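Residue-level listing of the chains:
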Amino acid sequence: MIFTDLLNATIHSLSNGLTGIPLSAAQDNTETWQQHLLQSGEPRLQDIGREIGNLQSLLSEGDIGLNGPAIGRSLSMLASQTAQVVAQAPSEIRTNLTELSDILLRAGGQLEQKA
């Protein structure tokens, strides 16, 4: 399943820390997620897709300097939204979604604290 592969790849990338991900790779990954989620037809998933769009906007400002606290808030929001969809997710991906939510929450918190 493509979604499972994308989920696993995202967790793997993020588990190495945010600074280990090239900005272009982060932008590509968020674009792929956004497309999948916005086309899902599920309101909660579409909300996540819209927040990913916000994150993409923040990441595209890299040439003028990234706003760490704003990116942190976006990651924390994505963590919260992801945690909310775990219960309705297929059982085979719940653990990975929970792990993704935890990683996003930690990363977001670290960036927010740098404010």
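Predicted, not measured: the structure shown is a model, and the values here were computed from it.

1. So, the overall build of the protein
(1) Moving on: Secondary structure summary: the protein contains five helices and zero strands in total.
(2) Moving on: Order of helices (α) and strands (β) in the protein, N terminus to C terminus: α-α-α-α-α.
(3) Moving on: Against the compact-globule benchmark of 13 Å for 115 residues, the protein has a radius of gyration of 13 Å, which places it among compact chains.
(4) Moving on: Seen through its C-alpha atoms, the protein measures out along the principal axes to roughly 40 × 25 × 20 Å.
(5) Moving on: The 115 residues of the protein split such that 38% are buried.
(6) Moving on: Taking as baseline every contact in the protein between residues at least 6 positions apart, the subset at least 24 positions apart corresponds to 62%.
(7) Moving on: Accessible surface, the protein as shown: approximately 6,600 Å² in total, 53% of it carbon and sulfur.
(8) Moving on: Each charge class in the protein was averaged separately, 6 positive and 12 negative side chains, and the resulting centres sit 8 Å apart.

2. As for the side chain of Glu 51
(1) Moving on: If you trace the backbone, Glu 51 turns up in helix α3 (residues 43-60).
(2) Moving on: The charged side chain of Glu 51 is buried without a salt bridge, its nearest counter-charge being Arg 73 at 8.7 Å.
(3) Moving on: Engagement of the side chain of Glu 51 in a polar contact is seen with the side chain of Asn 54, the distance being 2.9 Å.
(4) Moving on: A polar contact is formed between the side chain of Glu 51 and the side chain of Ser 74, at a distance of 2.8 Å.

3. Regarding the nonpolar core
(1) Moving on: In this structure, Leu 7, Ile 71, Leu 75 and Leu 104 are the most contacted members of the largest nonpolar core, which totals 28 residues.
(2) Moving on: Among the secondary structure elements, those contributing two or more residues to this core are α1 (2-15), α2 (23-38), α3, α4 (68-85) and α5 (91-113).
(3) Moving on: With seven residues, α5 is the largest single contributor of residues to this core.
(4) Moving on: When residues no more than four places from it in sequence are discounted, the contact partners of Leu 104 are Leu 14, Leu 75, Ser 76, Leu 78, Ala 79 and Thr 82.

4. Focus on the confidence of the model for the protein
(1) Moving on: Averaged over all residues, the pLDDT of the protein equals 90, while 96% of them reach at least 70.
(2) Moving on: Mean pLDDT across the elements of the protein ranges from a minimum in α1, with 88, to a maximum in α4, with 96.

Cut-off values and rules
- Residues numbered from 1 in each chain as written.
- Predicted model: local features only at pLDDT ≥ 70, side-chain atom pairs only at ≥ 80, totals over all residues.
- Heavy atoms only, no water.
- Helix = DSSP H or I, 4+ residues; strand = E, 2+ residues; numbered from the N terminus.
- Rg over C-alpha atoms; globule rule 2.2 N^0.38 Å.
- Buried < 20%, exposed > 50% of the residue type's maximum accessible area, 1.4 Å probe, protein only.
- Contact = heavy atoms within 4.5 Å.
- Areas by Shrake-Rupley, 256 points an atom, 1.4 Å probe, with all protein chains shown as cover.
- Lys, Arg positive; Asp, Glu negative; His and termini not counted.
- Charge placed at Lys NZ, Arg CZ, Asp CG, Glu CD.
- Salt bridge = Lys/Arg side-chain N within 4 Å of Asp/Glu carboxyl O.
- Polar contact = N/O pair within 3.5 Å; in protein donor to acceptor, adjacent residues only side chain to side chain.
- Core = buried A, V, L, I, M, F, W, Y, C linked by side-chain atoms within 4.5 Å.
- pLDDT = per-residue confidence, 0-100.

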